[in-house]
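Survey of secondary and tertiary structure
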Amino acid sequence: MNAVLDSLDFDPDALRARYRAERDRRLRADGNDQYVEVAADFARYIDDPYVDPGFTRSPLTDSVDVVVVGGGFGGLIAAARLREAGVQDIRIIEKGGDFGGTWYWNRYPGAQCDIEAYIYLPLLEETNFVPKEKYSYAKEIREHAARIGEHYDLYSKACFQTEIREIRWLEDENRWLITTNRDDAMKARYVVMSSGPLNRPKLPGLPGIAEFKGHSFHTSRWDYAYTGGSSEGGLTNLADKRVAIIGTGATAIQCVPHLGQHAKHLYVFQRTPSSVDLRGNRPTDPEWVKTLTPGWQKRRMRNFNTLVSGLPQDEDLVQDGWTDIIRNLGAGVAARLAAGDASALDPHELARQMELSDFRKMNQIRARVDETVTDAATAEALKPWYRQFCKRPTFNDDYLPTFNRPNVTLVDTLGRGVDRVTEKGLVFDGVEYEVDCIIFATGFEVGTAYTRRAGFEIVGKGGRKLSDHWRDGMRTLHGLSAAGFPNCFHLGITQNTLTPNFPHMLDEQATHVAHVVRETDLRQAQVVEVTAEGEAGWLQTIRDTALNNLAFRQDCTPGYYNGEGHAGEGKGLFDNLYGPGSDAFFALARKWRDEGELKGLELR
Ligand code: NDP
């Protein structure tokens, strides 16, 4: 082992100490409470800038087989898999003016998917589409959402620009009653909830935030009327504007290059730097497309998922920054095994190698900053000091060079954040930065109540509210349904699993829901409901496993992945998930379906 340490060109102890120090100076007692809800005085931050005002339609009082809540990829995949399972009468209800979900809202300049398009865009084989490039931009992704809507005939019944007020179970009818802001009172046999895990923008609770007299908006509601241009860039109205952007997460990394190119002056307020790896986009090779055989997309998705779950594979089909660490780790392990060193597979040894692989990766990321950014102090401030998956890794070739522009200033807040907002701009460390516009790239609510994020209440059997049922934390079977809420399914991160390729996870969940609905119909039942035992059993499984990698998350710098530095306290993204990971969860769900007993469910 000492031979291994001697051969390293870095000091792991020094890196560990630096990571810990950087985390410690960012830890804060208020955690999630540092943010303010986008409501009341701040409600305008969630107005839809992409639709013409004044849309009206007649209220609906009809009855359908399934209402799907949310027209993003989750809702679209659910509708597609239900259609394939024989369900015809499907209505998607969507707050926005079209399908697309997160890609409907997030059209900021430069918006692009960090996951390879061939595995991220759902239903490619079904819709006979191949993306133009390895990484799709927002426009192509939105167009694909519309393509799915057309292909599965989901437009004809869809309700856009419609916000649900309440979903209530009618016990004597075995139907859900869905009421909306359009005075609809429609009924449905089943409800599938897919309102998205990052759907509610959040603002930092900065003193004086309401006092700013200039222009301001959140990145998920980009104001092109103010900036000019489109998600492809060209923000020409900013030529005489001083702009501040708060936040340097995955969103800011993509829009900062466009702001830097067009603003008279851009101030980037940073609390924690992101890891910014190579993008390396390239056009789709038509010769490669000709080699694809049926089932290719699922195979590619599974290969990626297994790798990012930390399990080596014989080949790495996607080969990008997401799979780099594991690819390196796998190569090291394979070399040691080939040399007859069986200890390479010992779990502790694997974890140690994983950490070393991570140190190497992050050293590369930090070296890239030095190679790109000419001012030494700015370069130093842009270096991330934490393990790669502590925060969402990002991939971009234009972000770092933006800091070489004379009209761009990095305001590094040393882990503390902006001090306050004034009528004229932002203050940090006694300096007031006067600006015309503040852009909040401050992310989305995670860990707040599910019904608050969804924006309405679900009232189940006996008038019980879902917010009461989940007051002390979620309770479900497989994350998909809760006891007392029959014929209602949840897609997303509700006590199941998470993978970087979100639509893959949604497809596995949608397949599961479609299976349950089909079995309910085949067995000629009206109602399918999780039993109390089924729910309690899964809750115990989550409690037993969710803390599997708690130490890793506790060592991480704060962010929404670890409940803003409060990992294990129920508010972090991973606190309520199946610990063995997504590959294991998909296998568990598949086995449950294959057994055919619908264990934990009651059919009536
Ligand atoms: P994030 O939550 O990732 O980032 C919010 C940013 O705001 C962080 O840099 C945070 O700093 C900063 N911040 C918060 N409060 C303050 C403050 N008081 N002062 C200064 N800075 C502050 O939101 P994003 O919108 O960037 O990304 C959300 C998620 O959306 C991503 O993690 C990713 O999952 C997804 N996404 C995916 C993309 C894709 O390619 N598929 C592209 C874009 C986003 P700190 O880190 O210190 O908390």
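Structural data are supplied above this passage.
Scoring rules and cut-offs
Residues numbered from 1 in each chain as written. Predicted model: local features only at pLDDT ≥ 70, side-chain atom pairs only at ≥ 80, totals over all residues. Heavy atoms only, no water. Near = heavy atom within 4 Å. Polar contact = N/O pair within 3.5 Å; in protein donor to acceptor, adjacent residues only side chain to side chain. Nonpolar A, V, L, I, M, F, W, Y, C, P; charged D, E, K, R; others polar. Helix = DSSP H or I, 4+ residues; strand = E, 2+ residues; numbered from the N terminus. Pairing = 2+ DSSP bridges. Axes fitted to C-alpha atoms, helices over the stretch in contact; angles between N-to-C directions. Contact = heavy atoms within 4.5 Å. Salt bridge = Lys/Arg side-chain N within 4 Å of Asp/Glu carboxyl O. Buried < 20%, exposed > 50% of the residue type's maximum accessible area, 1.4 Å probe, protein only. Expected span 1.5 Å × (residues − 1).

1. Structural notes on the site of the ligand
- Near the ligand, the surroundings consist of 26 residues, among which Asp114, Thr251, Thr272, Lys391 and Tyr560 are the closest.
- In the model, a nitrogen atom of the ligand is placed 3.1 Å from a nitrogen or oxygen of the arginine 392 side chain.
- Interatomic distance of 3.2 Å between a backbone N/O atom of valine 418 and a nitrogen atom of the ligand.
- Taken together, the residues that form the shell around the ligand break down as 12 nonpolar, 10 polar and four charged.

2. A closer look at the environment of glutamate 287
- In this structure, glutamate 287 sits in helix 10 (residues 286-290).
- Sequence spacing of glutamate 287 and glutamate 94 is 193 residues, and the spatial spacing of their C-alpha atoms is 39 Å.

3. Observations regarding the sheet that holds strand 13 (residues 408-412)
- With parallel pairing, the five strands of this open sheet are ordered in space as 8-17-9-10-13. Whereas interior strands pair on both sides, the edge strands pair on one side only; in this sheet they are strand 8 (215-218) and strand 13. For this sheet, the mean angle separating the axes of adjacent strands, direction not counted, is 15 degrees.
- Relative to strand 17 (residues 437-440), strand 8 runs parallel, the two being bridged by four bridges. Across the sheet, histidine 215 pairs through a bridge with cysteine 437, a residue of strand 17.
- Sheet contacts for helix 9 (residues 250-262): strand 9 (242-246), strand 10 (265-270), strand 13 and strand 17; angle to strand 9, the most-contacted strand, approximately 170 degrees.

4. Some thoughts on the pattern of salt bridges
- Considering all chains together, one arrives at 49 salt bridges under this definition.
- Across the pair arginine 18 and glutamate 22 runs a salt bridge whose closest N-O atoms are separated by 3.0 Å. One end of the pair is arginine 18 and the other is glutamate 22, both in helix 2 (residues 12-24) and four residues apart, which spans about a single turn.
- In this structure, aspartate 521 and arginine 189 form a salt bridge, with 3.2 Å as the shortest nitrogen-oxygen distance. Of this pair, aspartate 521 sits in helix 18 (residues 502-522) while arginine 189 sits in strand 6 (residues 185-193), and the two are 332 residues apart along the sequence.
- Relative accessible area serves as the criterion here: at 13%, arginine 189 is assigned to the buried category.
- Taken together, the shared-partner salt bridges connect Arg18, Glu22, Arg25 and Arg26 into one network.

5. Details of the sheet that holds strand 14 (residues 420-421)
- Pairing is antiparallel across the open sheet formed by three strands, whose spatial order is 14-15-16. With one partner strand each, in any of the chains shown, strand 14 and strand 16 (431-434) form the two edges of the open sheet.

6. Concerning helix 11 (residues 296-308)
- Its 13 residues place the ends of helix 11 18 Å apart at the C-alpha level, agreeing with the 18 Å of an ideal helix rising 1.5 Å per residue.
- Of the positions making up helix 11, those classed as buried are Trp296, Gln297, Arg300, Met301, Asn303, Phe304, Asn305, Thr306 and Leu307.
- Against helix 5 (117-120), helix 6 (124-127), helix 10, helix 12 (324-338), helix 18 and helix 21 (582-595) lie the buried residues of helix 11.
- Backbone geometry just downstream of helix 11 places glycine 310 in the positive-phi region, at approximately 90 degrees.

The values reported here are purely geometric and, on their own, carry no functional implication.
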